[in-house]
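# Structural features, examined
Read off the chains here:
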Amino acid sequence: MEQLSPDANLLKGNLDLILLEILEAQPMYGLEIINEAQTRTDGYFDFKEGSLYPALHRLEAQGWLSGAFQDSDSGGPRRKYYRLTDKGNRALERKRAEWQRFGRAIESLRGRP
Amino acid sequence: MKLEKYLKRATSGLIGKKRLEVREELTAHLLERTHKYEIAGLTHPDALARAIEELGDARTIRAGMIGVHTMPKFFATTGLSAVIAAGILATLSVSSAQIVGTLRVPLEQCQSSSAQIITLKTPIGGTIEKFPCEQGDFWLEFASLRATLEPLGVKIERANDPQLQESEQFYLNFPDGATVSLYLHKMFYFKRSATDKLEKIPYVSGYVEGSTLIEAFRTAGVSFTMSGWDNPVLRIGKTRFQIGTATAPISGVNFYPNVLQTRLFSLFNGWTTESSMPDTINNVERQVQMYGAPSLFRSHKHRIQTQFPAGQIVVVASREPSHSLEYEGKNRVYPAFTRTYIAPVGKDGILEYPSDAKTLRFKDDLRSLSVTPKDGAGDIAVLKFTSDLSYNKKSFELVPSSKLSK
């Protein structure tokens, strides 16, 4: 069955939350994040790769992520791994709560005359 | 080379260590993806092309990175979100901005990593760096324009129109009776409100967009001309002034295509059909921008003897065969289209004209131009501006082939 992609604006508006959620488990580099997002959502989150790196750098500049280069295990160029900082963890909690409130608000609109 | 070109585009405008870091990160991404596709059976060039295509338009990455890494100090020190800065930058890049007394970087310079970066001031403090090699427009600082025109007897008054809360309109009253109505360009910045909402706030930039300025002058109802390539001179009625300064120059590469694009289009409209020239306006614009700078991408350079003085601006029209152009990261295939090459005549009346045609044939009728075969004989028609570019006048006239030689 065809997997529908989310609305681009919805994805863009929640990109921070998505990235923070993915990185909560462990540090990852860009391509790994993309693959992880696709795998964990059965391809639902197939975001534009070009928008990923500026977003990662922005979160790093905000102090939510910390990035560090590490040698590649396959012998290629170094990869930049991103991990969640304490500040990022707190931001993730806030964003999760926002998302839940938003979801509940939408739910509460359903079924009204 | 394709990888190098892509990385250069994606990181231009970034400075020093940050540029190297972004470059390294993107390189690792692309090479890993490329390797994956090679394992799947693609050749290296195909695999790399696919990896680049998937990563997307280099300009998108660059715009995002510049938004983060050249964030105004104001935002950084006050703790406002970088999203705000990125929002301003995104708004600016839509309008393509340039500055102080004018400015637009010649296309040739945009090929190098040392291309000029300009600084824009925001109305709430701080500055934004902008890489100006994207679009063909230029801006004029209104204060500079005022300082230039008032000593020439031009009276400038602000329009008191309550409808214009988000922009400012000025009337330029020229000594010989012409009145030019000019709008300053509107920009936006984003501010977080007390309720934590992001508000889009308009403000008057203090700059006039180049094409707006020219169109305003052309509709003023008196004779209007433009001349010169570097820092072109405008004449409206008896008043002359220069666009651009020694320290903030405007090249004809950026000036004339932008100003004349729609007029050129109307010139060609009527002898081509939409089916043979889809997306015609964009084609004209892109070709002028791509090939307006001398010698770019062309296999033959011709020297055409004209009877014009050095500095006369001419337009060489030709028809080009089908080919593909990379546009926003995708290859688009165009059927035959019109090429309009705008350039100044050089010393001794010689016009240097880069072309894929090995030999040239001068034509006296735009409709008779056949499609130029690569390395074959190509038809061209040469046009020049008329002596009055005001709106109700004809903008171009054909140069008779008898006045041209190879």
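Because the structure is a prediction, the values reported are computed rather than measured.

The tally for this structure, following the rule as stated, stands at 16 salt bridges over all chains. Between Lys-18 of chain B and Glu-21 of chain B there is a salt bridge, and its shortest N-O distance comes to 3.2 Å. Of the two residues, Lys-18 of chain B and Glu-21 of chain B are both situated in helix α2 (residues 16–39); the distance of three residues between them amounts to about one turn of the helix. Taking relative accessible area as the criterion, Glu-21 of chain B reaches 17% and is therefore assigned buried. Where Glu-397 of chain B meets Lys-384 of chain B, a salt bridge forms, and the shortest distance between an N and an O atom there is 3.2 Å. Of this pair, Glu-397 of chain B sits in strand β21 (residues 396–398) while Lys-384 of chain B is found in strand β20 (residues 377–385), placing the two residues 13 residues apart along the sequence. Taken together, the shared-partner salt bridges in this structure form one network comprising Glu-21, Glu-24, Glu-93 and Arg-96 of chain A.

Burial of helix α2 (residues 15–25) of chain A is extensive: eight of the 11 residues sit out of reach of the surface. Regarding α2 of chain A, the residues found buried are Leu-15, Asp-16, Leu-17, Ile-18, Leu-19, Leu-20, Ile-22 and Leu-23 of chain A.

Glancing now at the environment of Thr-85 of chain A. Residue and element names in this part refer to chain A. Positionally, Thr-85 belongs in the loop between β3 (79–84) and α5 (86–109). Every residue in contact with Thr-85, bar those within four places of it in the chain, is listed here: Gly-63, Trp-64, Leu-65 and Ser-66. Reaching out from Thr-85, the side chain makes a polar contact with the backbone oxygen of Trp-64 at a distance of 3.0 Å. At a separation of 3.0 Å, a polar atom in the side chain of Thr-85 contacts the main-chain amide nitrogen of Gly-88.

Strand pairing in a sheet takes place through backbone hydrogen bonds and is either antiparallel or parallel in direction. Residues and elements named next belong to chain B. Spatial strand order, β10-β11-β12: three strands in an open sheet with antiparallel pairing. Edge positions in the sheet fall to β10 (224–227) and β12 (239–242), since each has one partner strand and no second. Mean inter-strand twist for the sheet, computed between neighbouring axes without regard to direction, equals 15°.

Let us now look at the interface of chain A and chain B. Chain A puts 17 residues into the contact, and the matching count from chain B is 21 residues. A combined buried area of about 1,800 Å² lies between chain A and chain B, and 61% of that area is made up of carbon and sulfur atoms. It is Glu-49, Tyr-53 and His-57 of chain A that lose the most area in chain A upon contact with chain B, and together they represent 31% of the buried surface on that side. Here chain A is connected to chain B by two salt bridges.

Residues and elements named next belong to chain A. Spatially, three strands are ordered β1-β3-β2 in an open sheet, and the strand pairing comes out antiparallel. Two strands close off the open sheet at either side, each with one partner strand: β1 (28–29) and β2 (65–70). Sheet topology places β1 next to β3; two bridges connect them, and they run antiparallel. Across the sheet, residue Met-28 finds its bridge partner in β3, namely Tyr-82.

Analysis parameters
- Residues numbered from 1 in each chain as written.
- Chains lettered and ligands numbered in written order.
- Predicted model: local features only at pLDDT ≥ 70, side-chain atom pairs only at ≥ 80, totals over all residues.
- Heavy atoms only, no water.
- Salt bridge = Lys/Arg side-chain N within 4 Å of Asp/Glu carboxyl O.
- Helix = DSSP H or I, 4+ residues; strand = E, 2+ residues; numbered from the N terminus.
- Buried < 20%, exposed > 50% of the residue type's maximum accessible area, 1.4 Å probe, protein only.
- Contact = heavy atoms within 4.5 Å.
- Polar contact = N/O pair within 3.5 Å; in protein donor to acceptor, adjacent residues only side chain to side chain.
- Pairing = 2+ DSSP bridges.
- Axes fitted to C-alpha atoms, helices over the stretch in contact; angles between N-to-C directions.
- Buried area = accessible area lost by both parts, 1.4 Å probe.

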